[in-house]
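Report on the structure
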Amino acid sequence: MKKLLRLTLAFTLATVAAGCSSGGNNKEAGEGTATGSGEFETIGVNEYGWDVPKETLKFSFYAGYDDQAEVDKIAAPMAQFYKEKFNVELKKIVYSVDMNEKLNLMLASGDYPEVITNMSDDMAEKFIAQGRAIDLTELIDQYAPNVTEKLGKYLNMMRNDDGKIYKLPALWGENPNVAGWDFAIRYDWWKELGAPVYQTPEEFYNTVKQIAANHPTNAAGNKVYAISDNTQGANLYNAMLAAYGFKNGFKVDESTGEFKHWINTDEGLEIAKYINRFYREGLLDPDFLTNKFEDWQTKVMNERVIGNIGTWWHVWVAGQEAWAEQEQDKYNLEKRFMNVSVKAPGVEQSTEVASNFIGSYRIIITDKAKNPEQIMRWLNWELSTLGTMITGHGIPDPENIWDIKDGKWIFKDSAMQYAKKNENFHAVREKFGSQAYMMIAPGGWIKDERLDPRVTRVSVYDMWPITEDGKFLDEGVNLSWQNVKGESWDSTLYSVSYRGDDPISITNTTIKDTLLSEWAKIITSKTEESAVSTFNSAKDKLNKLGLQDLEKYNSDAYKANKEKLGE
Amino acid sequence: MEQQVENRIKLQKERGSRLSRIGKRLKREKELWAINIFALGWVFVFAYMPMYGIIYSFFDYFPGKSLSESKFVGLKYYQEFFSLPDVWLIIRNTLVISTLGLTIGFVAPIILALLINEIRSRSFKKIIQTITYLPHFVSWIVVASLIFTMFGSEGVVNDVLIRLGILDEPFQLLGRGEYFWALLTSANLWKGIGWSSIIYIAAIAGVDQELYQAGAVDGLGRFGMAWHITLPGIRPTVLLLFILGIGTLLNAGFEQQLLLGTPTTREYHEVIDTYVYRYGIQLGRYSFATAVGLMSSILGLALVLITNKISKKMTGMSIV
């Protein structure tokens, strides 16, 4: 009876609210409506679309690794804003320890907060398996229409075998990265060479080799390397695998759903020989296995690195962004890295831009939640576009990077310049609490009719304003990305979870560790013959460790995901 | 039958007299026990009480479950450790690194203490002692970054050697597995030699000065005095520390390996503790981690007792 009453009331309120919303405003449930608030006493919908509860909504959530004092400091303005305008008090808990270790301890001790976000899928599954995460299925139906609407068919990926939902994605959405794995090059040096077009790994090798011959040392007389790395060599093979069209490290036969790990393929051997050649010819920084990001960045900033086989943002952050900040007005826009999509010959489709709609992070409401209905209602608000804008970009204010004017979400002029991203997006964090309480908001692109007309799409992390003819507003971005194809592939189907209590998680970790160690040996071989023989023995070793089990596990996960998505 | 009753009465009397002896001793040494009461309490709370946790190694425990919900699996996790593909490699690395520490790392502080003892100037002695103690207070994070700065392919050492014309191209010390044990032992030595020498310096200070005077009369030189008087004088301390050190043979360090290791050195740096951390603690497999930890402790205790027995037989000295 109570349920029926609640549903009727919710339906009535939703209908009334829907009638009130203006057609062009693109308002969502939970924003300007009181959906599902039937059981709680509220005092009315505020200007941000939140139906303000009469009694303060209080709950705490654990969000991963960070410094609690720093987090509290950044969250202070937003905490005040939420208290005053929303009657909501949130407590964000962080620890300066590895999140998985902390979550395991929390599980063992039974001491965990009401909500946990930014956790891995494996950890979410652990909590679910131990009955510590509550069933969200009905709560979503009753209080969170935005979850259903925004996640669409991907919500099915969150369902267990019984069709129940215990976890939801955090930082999900269409990937805002236009580039991904790529073969970057110093733009000014490339131009100096006559801007030779390179589209294959071999052409990239020839280009950086020529530049290395022209620039053997930097201004201080230190050796310049064609490529370097700061991921112990992992980025080198990952970017190469993208050029060869591999998906998450596997060669996938989509018709049969068969997965083959790259080390078990001929392409894998080609990739190993290719990188080994850089090493043998002294083109690869000999410290690539020990470089931390900072060491590597120093080399990039000191103009000792010509190209990059890895991810676009590494060179972006270490290169142009750092140079622009360091050199200020003297900065030459052409002193930058150009990111280039490269494809191995004969490969139909490279896979440099993977877009996993559900992302890698999860949020759960735990059995400690005193008021799960209200929490779900809050999550629903955070998922509304305005909720995401406020949670992600901070309090709307003329001094913040965005403000609300006549119902439109207007960005500050300087926010249009990507080169000033640091001061636009990061410096204002402390003042306006951006991202301080982000739990479920998407990290991907959001679009809304109320968005600044100069902005075609925005994520709470970045903004890539585009002109009407499809060019980026920022000249630097155009220079860097003129040769990026940016064709993304949906990697959601390839999501796989390794549970700690499943022996496959040990196999996976062992193989990951061994692969990294063997890969380092392969590419640092003194001769090509030795590289080939090390590759073959690594292949045997990894297969003995259970690589084929891993291939099958991934293949099964892929098939199960396909079924869940009805494909 | 009568004989049996008599024996039992005798035994009870003996037990009674032993208890009263202990009681009397406790009464006699009450001040000493009072001083140690907090230390004993600390040991009980932090060293003995957590020991109940070893029971988890016999259950299929998973974080979030209670022990009663977990299945008893006996020695499953002990067997699992020995069925790991890299188990012998891990054991080899652990034993080699520990043995290097227990030989080179054990002898070096004794030599340093003897050398410091030979310094006549008090102020110079103090300076040397302070300099050698300092590395102990430097965290492994800092030590690791110092090592990378010094020995990287573009580090100070390579730079100097190339400038001097000794090397044509940088020597890859950090990325080569075969040098890892030497690097780690050297780093451990640098960090710990001064600190470990303190106890020997204290022991040397306790050696009877008359023995040195007698040695001088007998014509002993400084080396002779160190060999025939100082070393025998600190033998009990050396033996005690060696026996205790044997107990840590299966604890080859942890931070050092994680910080200094690279993928190419994995076959040389992976030890029991690093493996347990990554495959036990980080994956939430506490039963496995407990099993391996308990196994290491039992083996360590056994080694201590065996060494103690050998020492007792050979030198007449022992710790228990």
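Residues numbered from 1 in each chain as written. Chains lettered and ligands numbered in written order. Predicted model: local features only at pLDDT ≥ 70, side-chain atom pairs only at ≥ 80, totals over all residues.

A few words on the overall build of chain B. Looking only at helices and strands, one finds 15 helices and zero strands in chain B. Taking 20 Å as the expected radius of gyration for a compact globule of 320 residues, we find that chain B reaches 26 Å, considerably beyond that expectation. The 320 residues of chain B split such that 26% are buried. Sequence separation of 24 or more characterises 68% of the internal contacts of chain B that already satisfy a separation of 6 or more. (Helix = DSSP H or I, 4+ residues; strand = E, 2+ residues; numbered from the N terminus. Rg over C-alpha atoms; globule rule 2.2 N^0.38 Å. Buried ≥ 20, exposed ≤ 12 C-beta atoms within 10 Å, placed from the backbone. Contact = placed C-beta atoms within 7 Å.)

Of regular secondary structure, chain A possesses 20 helices and 16 strands. A burial count over chain A gives 47% of its 567 residues as buried. In chain A, the proportion of contacts linking residues at least 24 apart, taken out of those at least 6 apart, comes to 75%.

Glancing now at the sheet that holds strand S10 (residues 307–311) of chain A. Residues and elements named next belong to chain A. Pairing is antiparallel across the open sheet formed by three strands, whose spatial order is S10-S7-S11. Each edge of the open sheet is held by one strand with a lone partner, namely S10 and strand S11 (337–338). With five bridges connecting them, strand S7 (residues 181–186) and S10 associate as antiparallel partners. Along S10, the bridge assignment pairs Ala184 with Asn308. Along the sheet, helix H9 (residues 234–243) contacts S7 and S10; its crossing angle with S10, the most-contacted strand, is approximately 80°. (Pairing = 2+ DSSP bridges. Axes fitted to C-alpha atoms, helices over the stretch in contact; angles between N-to-C directions.)

The phi torsion at Asn118(A) lies on the positive side, around 60°, for a residue other than glycine. Counting through the fold element by element, Asn118(A) comes out in strand S5 (residues 115–120).

Residue and element names in this part refer to chain A. Only one face of strand S4 (residues 88–95) is covered, namely the face carrying Val88, Leu90, Lys92 and Val94; the face carrying Glu89, Lys91, Ile93 and Tyr95 is uncovered. Sheet analysis places strand S3 (residues 57–65) next to S4, joined by seven bridges and oriented parallel. In the sheet register, Phe61 faces S4, and the bridge partner there is Lys92. In terms of handedness, the path from S3 via helix H2 (residues 68–86) over to S4 forms a crossover that is right-handed. (Right-handed = clockwise from strand over helix to strand, strands pointing away.)

Chain A puts 28 residues into the contact, and the matching count from chain B is 25 residues. Secondary-structure elements contributing two or more residues to the side of chain A that touches chain B are helix H3 (99–109) and helix H18 (503–523) of chain A. Along the lines of polarity and charge, the residues of the side of chain A that touches chain B split into eight nonpolar, twelve polar and eight charged. (Nonpolar A, V, L, I, M, F, W, Y, C, P; charged D, E, K, R; others polar.)

What follows deals with the sheet that holds S5(A). Residues and elements named next belong to chain A. Taken in spatial order, the five strands of this open sheet run S4-S3-S5-S13-S6, and their pairing is mixed. Only two strands of the sheet have a single partner each, and these edge strands are S4 and strand S6 (168–170). Strand-to-strand twist of the sheet, defined as the mean angle between neighbouring strand axes without regard to direction, takes the value 30°. With three bridges connecting them, S6 and strand S13 (residues 361–365) associate as antiparallel partners. Paired with Pro169 across the strands is Arg362, a residue of S13.

Residue and element names in this part refer to chain A. In this fold, Asn276 is placed in helix H10 (residues 266–280). Since 23 C-beta atoms lie within 10 Å of it, Asn276 is described here as buried. Between the alpha carbons of Asn276 and Ala531 there is a distance of 7.1 Å; along the sequence they are 255 residues apart. In this structure Asn276 touches Ile522, Ile523, Ser525, Glu528 and Ala531, once residues within four positions along its chain are discounted.

Take the environment of Glu529(A) next. Considering the arrangement of structural elements, one finds Glu529(A) in helix H19 (residues 528–544). Separated by 256 residues in the primary sequence, Glu529(A) and Lys273(A) have C-alpha atoms spaced 9.3 Å apart.

Residue and element names in this part refer to chain A. Note: strand S14 (residues 402–405) against strand S15 (residues 408–411), four bridges, orientation antiparallel. Counted as the bridge partner of Asp403 is Ile410 from S15. Where S14 hands over to S15, the hairpin turn is made up of two residues, of which Asp406 adopts a positive phi near 50°.

Here we take up the nonpolar core. With 77 residues, the main nonpolar core has Leu136(A) and Met439(A) as its most contacted residues. By size, the runner-up hydrophobic cluster in this structure holds 73 residues, among which are Phe259(A), Trp262(A), Ile275(A) and Met338(A). (Core = buried A, V, L, I, M, F, W, Y, C linked by C-beta atoms within 7 Å.)

Residue and element names in this part refer to chain B. Of note, Ser297 is situated in helix H15 (residues 286–315). With 15 C-beta atoms counted inside 10 Å, the residue Ser297 sits in the partly exposed group. Sequence separation of Ser297 and Gly247 is 50 residues, and the distance between their C-alpha atoms is 8.0 Å.

A few words on the confidence of the model for chain A. All names here are of chain A. Per-residue confidence for chain A gives a mean pLDDT of 88; residues scoring 70 or more make up 89%. Low pLDDT, under 50, characterises residues 7–27; the stretch is placed with 25 contacts to residues that sit more than four places away or in other chains. Across residues 32–38, confidence stays below pLDDT 50; counting only partners more than four residues off in sequence or on other chains, it has 32 contacts. (pLDDT = per-residue confidence, 0-100.)

Residue and element names in this part refer to chain B. For chain B, the average pLDDT comes to 90, and 99% of its residues sit at 70 or higher. Model confidence for chain B, summarised as mean pLDDT per element, is weakest for helix H1 (residues 2–28) at 80 and strongest for helix H8 (residues 180–205) at 95. In the predicted assembly, ipTM is 0.77 and pTM is 0.82.

This part is about the packing of helix H11 (residues 293–301) of chain A against helix H12 (residues 312–327) of chain A. Each pair of packed helices can be summarised by the angle the axes make with each other and by the distance between the axes. Residues and elements named next belong to chain A. At a minimum axis separation of 9 Å, H11 and H12 run at an interaxial angle of 50°. Taken together, the axis directions place H11 and H12 in an arrangement best described as oblique. For the element pair H11 and H12, the recorded crossing hand is right-handed. Taken together, the residues of H12 that come into contact with H11 (itself represented by Trp296, Gln297, Val300 and Met301) are Val315, Ala318, Gly319, Ala322 and Trp323. The residue makeup of the contact of H11 with H12, split by class, is seven nonpolar, two polar and no charged. (Parallel < 35°, antiparallel > 145°, perpendicular 65-115°, else oblique. Left-handed = near helix turned anticlockwise from the far one by under 90°.)

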